[in-house]
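Spelled out, the chains give:
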Amino acid sequence: GALLVGVFLLAIGYSGIAATGYVFATECFPTHYRYSGSAVSYNVAQALLGGTQPLISLFLIRITGSSLVPALYLVTLSVFCLGVISFSEKAKISR
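Keep in mind that what you see is a predicted model, and the values were worked out from it rather than measured.

Student: Give a detailed account of the overall build of the chain, specifying residues and quantitative values.
Tutor: Per the secondary structure count, the chain includes 4 helices and 0 strands. Starting at the N terminus and ending at the C terminus, the chain contains elements arranged as α-α-α-α. Whereas a compact globule of 95 residues would reach a radius of gyration of roughly 12 Å, the chain reaches 17 Å, over 25% beyond that. On the principal axes, the C-alpha backbone points of the chain span a range of 45 × 40 × 30 Å. Looking at the chain as a whole, 11% of its 95 residues are labelled buried. Accessible surface, the chain as shown: approximately 7900 Å² in total, 75% of it carbon and sulfur.

Below is the structure:
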């Protein structure tokens, strides 16, 4: 019961990210290059950041001795991405 509730809550949180994130990624490219641009940028980011995450986490744990450092690494990347998105012209609210 509790596991199902936890998975349900995670799904609700992820749906909010996915709904806006994928739309933002496709709107960053002109219509002619939209599919290729969003696919290439998504897959390159997954390969560089997602593929190296376990290695970087192990390296950081080995250096610091703390198992909390990978979480700080993810928070740092998230703040960096938030900063990059905030400077995007597509993220600006038009009035």
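Next comes the rest of the account.
Student: Which residues make up the layout of surface pockets, and what values do they have?
Tutor: Where empty space is left becomes clear once a probe the size of a water molecule has been rolled over the atoms. In this structure, the largest pocket occupies an estimated 1300 Å³ of space. Lining the largest pocket are 30 residues, with Tyr42, Ala45, Leu49, Cys81 and Ile85 positioned closest to its centre. Of all the secondary structure elements, the ones that give two or more residues to the lining of the largest pocket are helix H1 (2-27), helix H2 (34-50) and helix H4 (69-86). Here the residues of the lining of the largest pocket sort into 20 nonpolar, 10 polar and no charged.

Student: Report on a nonpolar patch on the surface, specifying residues and quantitative values.
Tutor: A cluster of nonpolar residues, Val5, Phe8, Leu9 and Ile12, forms a patch on the protein surface that exposes about 410 Å² of accessible area. Looking at the secondary structure, you find leucine 9 in helix H1. Residue leucine 9 is classed as exposed on the basis of its relative accessible area, which comes to 54%.

Student: Explain the confidence of the model for the chain to me, using residue names and the numbers behind them.
Tutor: The predicted structure's coordinates, where accompanied by low pLDDT, should not be read in detail. With 94% of its residues at a pLDDT of 70 or more, the chain has an overall mean of 86. By mean pLDDT, the top-scoring element of the chain is helix H3 (residues 53-64) (94), and the lowest-scoring one is H1 (86).

Student: Can you lay out H4 for me, pointing to particular residues and giving the numbers?
Tutor: Spanning 18 residues, H4 covers 26 Å between terminal C-alpha atoms, matching the ideal 26 Å at 1.5 Å per step. Taken together, the buried positions of H4 are occupied by Val69, Pro70 and Tyr73. Viewed end-on, H4 has its buried residues packed into an arc of 105°, placing them on one side of the element. Residues Leu72, Val79 and Leu82 are exposed on H4 and point more than 90 degrees away from its buried face. Next to the buried residues of H4 lie H3.

Student: Tell me what's going on with the environment of leucine 10, and back it up with residues and numbers.
Tutor: Residue position: leucine 10 is located in helix H1. Taking the C-alpha atoms as reference points, leucine 10 and valine 84, 74 residues apart in sequence, are found 25 Å from one another.

Student: Give me the side chain of glutamine 53: which residues, what numbers.
Tutor: Counting through the fold element by element, glutamine 53 comes out in helix H3. By relative accessible area, glutamine 53 is classed as buried at 17%. Within polar-contact distance, the side chain of glutamine 53 engages the side chain of serine 57 at 2.5 Å. Apart from the residues lying within four places of it in its own chain, the contact partners of glutamine 53 are Pro70, Tyr73 and Leu74.

Cut-offs used in this document
Residues numbered from 1 in each chain as written. Predicted model: local features only at pLDDT ≥ 70, side-chain atom pairs only at ≥ 80, totals over all residues. Heavy atoms only, no water. Helix = DSSP H or I, 4+ residues; strand = E, 2+ residues; numbered from the N terminus. Rg over C-alpha atoms; globule rule 2.2 N^0.38 Å. Buried < 20%, exposed > 50% of the residue type's maximum accessible area, 1.4 Å probe, protein only. Areas by Shrake-Rupley, 256 points an atom, 1.4 Å probe, with all protein chains shown as cover. 1 Å grid on protein atoms, 1.4 Å probe; cavity = no way out; pocket = protein on both sides within 12 Å on 5 of 7 lines; lining within 4 Å. Points joined across faces, edges and corners; volume = space filled by probe spheres on them. Nonpolar A, V, L, I, M, F, W, Y, C, P; charged D, E, K, R; others polar. Patch = residues over 30% accessible without salt bridge, like charges linked within 9 Å, V, L, I, M, F, W, Y side chains within 5 Å. Salt bridge = Lys/Arg side-chain N within 4 Å of Asp/Glu carboxyl O. pLDDT = per-residue confidence, 0-100. Expected span 1.5 Å × (residues − 1). Arc of directions from axis to C-beta. Contact = heavy atoms within 4.5 Å. Polar contact = N/O pair within 3.5 Å; in protein donor to acceptor, adjacent residues only side chain to side chain.

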